[in-house]
Amino acid sequence: MKIIFIILLTFFSSILYAEDINFAENTEIDLGLNSESNLVPKVNLPIYWNSNIYSALGINVFHTSETSDIDGTPGSRQLYEATETVYNFTPIGYRQTFSAANVYLGLVYTYRDAESSEFGYMNMPTSLGGELVALENNIDYNLHSISAEFAIEYKDDFMLINLSGRISPWQYLDLSQDTVAKPIVQTNADMNTTTSMTELSYNIAGSAAFKLHRFIGVRINASYNFMPIEYDLDMLDYDGTFHFSKGNVSEEETLLSYGLQLFIPTLNIAGLSPSIGYEERKYDVNNKTTMGDISEEDKSSYTEHIVSLGLVYNW
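The structure contained in this document is the topic of the report that follows. The shown structure was predicted, so the numbers you read here are calculated from the model rather than taken from an experiment.

Reading guide: rules and limits
- Residues numbered from 1 in each chain as written.
- Predicted model: local features only at pLDDT ≥ 70, side-chain atom pairs only at ≥ 80, totals over all residues.
- Heavy atoms only, no water.
- Helix = DSSP H or I, 4+ residues; strand = E, 2+ residues; numbered from the N terminus.
- Buried < 20%, exposed > 50% of the residue type's maximum accessible area, 1.4 Å probe, protein only.
- Contact = heavy atoms within 4.5 Å.
- Areas by Shrake-Rupley, 256 points an atom, 1.4 Å probe, with all protein chains shown as cover.
- Polar contact = N/O pair within 3.5 Å; in protein donor to acceptor, adjacent residues only side chain to side chain.
- Salt bridge = Lys/Arg side-chain N within 4 Å of Asp/Glu carboxyl O.
- Pairing = 2+ DSSP bridges.
- Patch = residues over 30% accessible without salt bridge, like charges linked within 9 Å, V, L, I, M, F, W, Y side chains within 5 Å.
- Phe/Tyr/Trp six-rings, centres within 6.5 Å; stacked < 30°, edge-to-face > 60°.

**Overview of the overall build of the chain**
For step 1, the next point in the chain: Check the secondary structure of the chain and you find 1 helix and 13 strands.
For step 2, the next point in the chain: Listing each helix as α and each strand as β along the chain from the N terminus yields α-β-β-β-β-β-β-β-β-β-β-β-β-β.
For step 3, the next point in the chain: By residue count, 45% of the 315 residues in the chain fall in the buried class.
For step 4, the next point in the chain: Considering only contacts within the chain whose residues lie at least 6 apart along the sequence, 63% involve residues at least 24 apart.
For step 5, the next point in the chain: A total accessible area of about 16,600 Å² is found for the chain, and carbon and sulfur atoms account for 58% of it.

**Brief notes about the side chain of S168**
For step 1, the next point in the chain: Examined against the element boundaries, S168 turns out to sit in strand 7 (residues 159–182).
For step 2, the next point in the chain: One polar contact links the side chain of S168 to the main-chain carbonyl oxygen of I146, over a distance of 2.8 Å.
For step 3, the next point in the chain: Look past the residues within four positions of S168 in its chain and what remains in contact with it is S145, I146, S147, E199, L200 and S201.

**Describing the pattern of salt bridges**
Two side chains bearing opposite charge may form a pair once their charged atoms approach each other closely.
For step 1, the next point in the chain: Within the structure shown, the criterion is met by 9 salt bridges.
For step 2, the next point in the chain: Of the charged contacts, one joins E149 and R166 as a salt bridge, the two residues approaching to 2.7 Å between their closest N and O atoms. Note that E149 is positioned in strand 6 (residues 132–155) and R166 in strand 7, a separation of 17 residues in sequence.
For step 3, the next point in the chain: Of the residues examined, R166 reaches a relative accessible area of 23% and is grouped as partly exposed.
For step 4, the next point in the chain: Three or more residues joined by partner-sharing salt bridges are found here, namely K42, E279, R281 and E304.

**Some details on the pairing of strand 6**
For step 1, the next point in the chain: Strand direction decides the pairing type here: strand 5 (residues 101–123) and strand 6, joined by 23 bridges, are antiparallel. Each residue of the ladder has a partner; that of A114, found in strand 6, is Y141.
For step 2, the next point in the chain: Sheet topology places strand 6 next to strand 7; 21 bridges connect them, and they run antiparallel. In the sheet register, K155 faces strand 7, and the bridge partner there is L160.
For step 3, the next point in the chain: Count of turn residues in the strand 6/strand 7 antiparallel hairpin: 3 residues.

**Here we look at the side chain of S273**
For step 1, the next point in the chain: In this structure, S273 sits in strand 12 (residues 272–291).
For step 2, the next point in the chain: By relative accessible area, S273 is classed as buried at 0%.
For step 3, the next point in the chain: Of the polar contacts made by the side chain of S273, one reaches the side chain of N314; its length is 2.6 Å.
For step 4, the next point in the chain: With sequence-adjacent residues up to four places away left out, S273 is seen in contact with F263, I264, P265, L267, N268, G310, L311, V312 and N314.

**Structural notes on a nonpolar patch on the surface**
For step 1, the next point in the chain: Residues Y94, L105, F150, I152, Y154, I161 and L163 make up a contiguous nonpolar surface patch of roughly 620 Å² in combined accessible area.
For step 2, the next point in the chain: Elements supplying a minimum of two residues to the nonpolar patch: strand 6 and strand 7.
For step 3, the next point in the chain: Among the structural elements, I161 can be located in strand 7.
For step 4, the next point in the chain: When its relative accessible area of 30% is taken as the criterion, I161 is described as partly exposed.

**What to know about the pairing of strand 7**
For step 1, the next point in the chain: Pairing geometry for strand 7 and strand 9 (residues 201–213), over 10 bridges, is antiparallel. When the bridges of strand 9 are listed, N162 appears paired with S207.
For step 2, the next point in the chain: Pairing of strand 7 with strand 8 (residues 189–197) involves 9 bridges; the strand directions are antiparallel. Note on strand 8: the bridge partner recorded for Y172 is S196.
For step 3, the next point in the chain: Connecting strand 7 to the next strand, strand 8, in antiparallel fashion are 6 residues.

**With respect to the packing of aromatic side chains**
For step 1, the next point in the chain: Under the definition given, this model contains 10 aromatic pairs.
For step 2, the next point in the chain: With 5.8 Å between their ring centres and 80° between their planes, Y54 and Y104 make a pair best called edge-to-face. Pair noted here: Y54 is in strand 3 (residues 53–68) and Y104 is in strand 5, with a separation of 50 residues, a long-range link.
For step 3, the next point in the chain: By relative accessible area, Y54 is classed as buried at 5%.
For step 4, the next point in the chain: The exposure class assigned to Y104 is buried, which follows from its relative accessible area of 4%.
For step 5, the next point in the chain: The interplanar angle of 20° and the centroid separation of 5.4 Å between the aromatic rings of Y80 and Y302 together place this pair among those described as stacked.

Right, here's the structure in full:
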């Protein structure tokens, strides 16, 4: 998170001395707070080297948490928390202007830094010893991908509309695991694995902003992201005694987000206007776990509610 605060500090410092600076199209900065009072900032900073060539840096933070029973295990409880920071870097992009419309083409490198933790307990059935088992499962992964991006933008004095899409045919995953199941397994599961995947992931997004009055502006945005990943994990197994065995997880993650922002068009600070907004993010995860000849499927959903203060591009 330190790099995020450094970027935000640099950003706000530049605004304070921005007499001759105008921030470009698609600039956005939001300091969001979710329903668990976690800070989830979102930043997009494009740099235009000339009228056609640009670069961009984007940072987005996601956080989910849920408390629930462990499926099929009476007298159990678990807490799940996950934090993901997504860095998008466009080393080079091309913009072409056609009257009131802009078309963008870019090559994007994405780095996802994800951490998830599960803490809980369960009572084993009498047939398996009847012990109270303490569970802890920590998984960290870094995901690298290259994608092609396309966007089209239309603007006039009253409105600004943007539609974009991003598609990636390749991903590289670096994963580490630390899992504890005491006292039934004395040795922790400690796995490090890497995977190269050619599954197709994609993102579709759109936004529409309107200046209704010199003091009232409205921006509506929505996006859909689909990401399949596959990796190996050590999982709890039983064949007379409990132990960890290697299994495979095939996962499909979808994220649907939509939000509303209000901004003040007449307050123009170097091409940006102050805004207040609300966003809802819905995560759906489908897992297929395979260990030996046994396969199981599991579905889970999480919803994150975010209130934000920020700055949006004022055209």
